[in-house]
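Residues per chain are reported as follows:
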Amino acid sequence: MSEREIPVLNYDSETRNKIMNTAMMLFAQKGFAAVSMRDIAGSVGVNTASIYYYYAGKDALLEDILQFFTEGYKHYFSWLSGMNEKAQSLDEVMDNMFNDEFVEMRNPLSCLGMSLAVKEQHNNESARKCVFELFYEFSVQSMKEDFDKLIARGLIPPSDTQTIATMFMFFVMVSNEIRVHEYIGTEPPLDCKEMYMGLKKHITTSLEYGDKP
């Protein structure tokens, strides 16, 4: 499986763009703890002092990555909510996650940023706050509202939409990890589409059996 091209960021400094891109790829491949500033410098092709010119250390670099990811995530999740507003069924809401435009919007850097945030949430306070606020508060609440609107319009039966939304967001995080494998050129452990069809069947079955709030 070939490695997909990673787009550059929009910093004024080309070197800083390369540092960020390279660091995110190395973190995805080896893990945050296993990568040193020296490793990043070597992969970028600059001396370590050049890295420290922009970042005081790995934690500062992580802060920058989390900020980039948060901005991008809110942008494409806003698009997703707009699409869900137009949905006429549960299938449409769920299938929006595989909409070509949405997948394209979630560029590789966003996927790598999400992966890093999820993996580092127990080791870093900023990552923990990012994951809690974006996924367990913002995203779950947004998806819950989308499912509640389907209920109000009579398109699905009254259900525990908080639980359904939480399940859905766990799927988003797992499917993101599958895409990360594709970007770094390794074989994904699961088939994303197959996993999605399983989730869809599970949620549909829950609704059919009247999974009441």
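Every value quoted in this text rests on a predicted model; they were computed, and no experiment measured them.

With that out of the way, let us pick up the overall build of the protein chain. In terms of regular secondary structure, the protein chain is built from 10 helices and 0 strands. Moving toward the C terminus, one meets the helices and strands of the protein chain in the order α-α-α-α-α-α-α-α-α-α. By the burial criterion, 45% of the 213 residues in the protein chain qualify as buried. Long-range contacts, defined here as pairs at least 24 residues apart, represent 67% of the contacts in the protein chain between residues at least 6 apart.

A few words on a nonpolar patch on the surface. Judged by side-chain polarity, Phe-132, Tyr-136 and Phe-170 come together as a nonpolar surface patch covering roughly 290 Å² of accessible area. Summarising the element assignment, Phe-170 is placed in helix H9 (residues 161–184). Judged by its relative accessible area of 44%, Phe-170 falls in the partly exposed class.

Remark: helix H1 (residues 14–30) packs on helix H2 (residues 37–44), axes separated minimally by 9 Å, with the N-to-C direction vectors making an angle of 120°. Comparing the axis directions of H1 and H2 gives the class oblique. Crossing of H1 over H2 shows right-handed handedness. Packed against H1, whose contacting residues are Lys-18, Ile-19, Thr-22, Ala-23, Leu-26 and Phe-27, the element H2 presents Asp-39, Ile-40, Ser-43 and Val-44 at the interface. Taken together, the residues of the contact of H1 with H2 sort by class into 6 nonpolar, 2 polar and 2 charged.

Relative to the assigned elements, Arg-38 resides in helix H2. The exposure class assigned to Arg-38 is exposed, which follows from its relative accessible area of 64%. The sequence separation of Arg-38 and Ile-51 amounts to 13 residues, and the corresponding C-alpha distance is 8.5 Å.

Turning next to H1. Taking 1.5 Å of rise per residue, the 17 residues of H1 would be expected to cover 24 Å, and the 24 Å separating its terminal C-alpha atoms lies within 8% of that figure. Of all the residues in H1, the buried ones are Asn-17, Ile-19, Met-20, Asn-21, Thr-22, Ala-23, Met-24, Met-25, Leu-26, Phe-27 and Ala-28. Those residues of H1 that are buried lie in contact with H2, helix H3 (48–54), helix H4 (58–85), helix H7 (108–120) and H9. Note on H1: the residue one or two positions beyond its end, Gly-31, has a positive phi of about 100°.

A few words now on H7. Taking 1.5 Å per residue, 13 residues should reach 18 Å; H7 reaches 18 Å between its end C-alpha atoms and fits that length. Regarding H7, the residues found buried are Pro-108, Leu-109, Ser-110, Cys-111, Leu-112, Gly-113, Met-114, Ser-115, Leu-116, Ala-117 and Glu-120. Taken together, the buried residues of H7 touch H1, H4, helix H8 (125–152) and H9.

Take the side chain of Lys-58 next. Among the structural elements, Lys-58 can be located in helix H4. No salt bridge is formed by the buried Lys-58. Its closest oppositely charged neighbour is Asp-59, at 7.1 Å. The residues contacting Lys-58, other than those within four sequence positions of it, are Phe-27, Phe-32, Ala-33, Val-35 and Met-37.

In total, this model carries 8 salt bridges according to the counting rule given. Ionic pairing is found between Lys-119 and Glu-177, a salt bridge with its closest N-O pair at 3.3 Å. With a gap of 58 residues between them, Lys-119 in helix H7 and Glu-177 in helix H9 connect regions that are remote in the sequence. Judged by its relative accessible area of 22%, Glu-177 is partly exposed. In this structure, a network of salt bridges that share partners links the residues Asp-91, Asp-95 and Lys-200.

Before going further, it helps to spend a moment on the packing of aromatic side chains. Scanning the entire structure with this criterion turns up 9 aromatic pairs. Relative to Phe-168, the ring of Phe-147 lies with its centre 6.3 Å away and its plane at 75°, an arrangement referred to as edge-to-face. Here Phe-147, found in helix H8, pairs with Phe-168, found in helix H9; they are 21 residues apart in sequence, far enough to count as distant. Relative accessible area serves as the criterion here: at 1%, Phe-147 is assigned to the buried category. Feature note: the residues Phe-69, Tyr-73 and Phe-135 constitute an aromatic cluster, connected by ring pairs.

Procedures and definitions
- Residues numbered from 1 in each chain as written.
- Predicted model: local features only at pLDDT ≥ 70, side-chain atom pairs only at ≥ 80, totals over all residues.
- Heavy atoms only, no water.
- Helix = DSSP H or I, 4+ residues; strand = E, 2+ residues; numbered from the N terminus.
- Buried < 20%, exposed > 50% of the residue type's maximum accessible area, 1.4 Å probe, protein only.
- Contact = heavy atoms within 4.5 Å.
- Patch = residues over 30% accessible without salt bridge, like charges linked within 9 Å, V, L, I, M, F, W, Y side chains within 5 Å.
- Areas by Shrake-Rupley, 256 points an atom, 1.4 Å probe, with all protein chains shown as cover.
- Salt bridge = Lys/Arg side-chain N within 4 Å of Asp/Glu carboxyl O.
- Axes fitted to C-alpha atoms, helices over the stretch in contact; angles between N-to-C directions.
- Parallel < 35°, antiparallel > 145°, perpendicular 65-115°, else oblique.
- Left-handed = near helix turned anticlockwise from the far one by under 90°.
- Nonpolar A, V, L, I, M, F, W, Y, C, P; charged D, E, K, R; others polar.
- Expected span 1.5 Å × (residues − 1).
- Lys, Arg positive; Asp, Glu negative; His and termini not counted.
- Phe/Tyr/Trp six-rings, centres within 6.5 Å; stacked < 30°, edge-to-face > 60°.

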